[in-house]
Amino acid sequence: SNICTAQALLAIMAGFYAIYHGPEGLKKIAQSIHSRAIALAKGVNDLGYDLKSSSFFDTVTVHSKSHTQEIFLRAQDQQMNLRMLDESHISISLDEATTDQEIENITKIFKVFSKKEKINKEKTFIFNRIMLIIEVLMNIKNWPKFGPV
């Protein structure tokens, strides 16, 4: 039947893939995939998102809180195929074709909705305003009304 043929073809292709790359090649591919998954996990975790599990190989599941739908839609707009597990989790699977640039692009999507990023922007804004006030006050002696006559 067609189903048996399709399954046999997959098994044959997997066998040839393993033979072509060999043990060391497969190990190198696996390490590359896992290191990119670690980079992605660290990137989103640094933005304040929790991971569903600290144990993973090629698939990172992120607790995306109330931003799941927005993150998912933004990823689709950018031709990224993420999986929305439920209303608060997004799962991202990587493979040997995944590039560092793609990891960076995925992380940027999460960054848009990150509370840490918003807090950092607010802190920077407040800090800049305080520094401006200090600068003005430090130069008050040069103002015509307050300086020497």
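Read on for a plain summary of the structure. Note that the coordinates shown come from a computational prediction; the quantities given were computed from them, not determined experimentally.

1. Looking at the nonpolar core
So, step 1. Among the nonpolar cores identified, the biggest contains 24 residues, and Leu 40, Tyr 49, Ile 92 and Phe 110 are the most heavily contacted of them.
So, step 2. Elements represented by at least two residues in this core include exactly helix H1 (2–46), strand S2 (59–63), helix H2 (68–77), strand S4 (89–93) and helix H3 (100–112).
So, step 3. Looking at this core, the element that brings in the most residues is H1, giving six residues.

2. Describing H3
So, step 1. Spanning 13 residues, H3 covers 19 Å between terminal C-alpha atoms, matching the ideal 18 Å at 1.5 Å per step.
So, step 2. For H3, every residue scored as buried is listed here: Ile 103, Ile 106, Thr 107, Ile 109 and Phe 110. Along the axis of H3, the buried residues cluster in a sector spanning 150 degrees; they form a single face.
So, step 3. Summarising the contacts, the buried residues of H3 are in contact with H1, S2, H2 and S4.

3. A look at the packing of aromatic side chains
To describe a pair of aromatic rings, you give the distance between the ring centres and the angle between the ring planes.
So, step 1. Going through the model one piece at a time under the given rule, you end up with one aromatic pair.
So, step 2. With a centroid separation of 5.3 Å and an interplanar angle of 80 degrees, the aromatic rings of Tyr 49 and Phe 110 are classed as edge-to-face. Separated by 61 residues along the polypeptide, Tyr 49 in the loop between H1 and strand S1 (50–51) and Phe 110 in helix H3 bring together distant segments of the chain.
So, step 3. Sitting over the face of the ring of Tyr 49, Lys 65 holds its NZ or CZ atom 5.4 Å from the ring centroid.

Reading guide: rules and limits
Residues numbered from 1 in each chain as written. Predicted model: local features only at pLDDT ≥ 70, side-chain atom pairs only at ≥ 80, totals over all residues. Heavy atoms only, no water. Core = buried A, V, L, I, M, F, W, Y, C linked by side-chain atoms within 4.5 Å. Buried < 20%, exposed > 50% of the residue type's maximum accessible area, 1.4 Å probe, protein only. Helix = DSSP H or I, 4+ residues; strand = E, 2+ residues; numbered from the N terminus. Expected span 1.5 Å × (residues − 1). Arc of directions from axis to C-beta. Contact = heavy atoms within 4.5 Å. Phe/Tyr/Trp six-rings, centres within 6.5 Å; stacked < 30°, edge-to-face > 60°. Lys NZ or Arg CZ within 6 Å of the ring centre and 35° of its normal.

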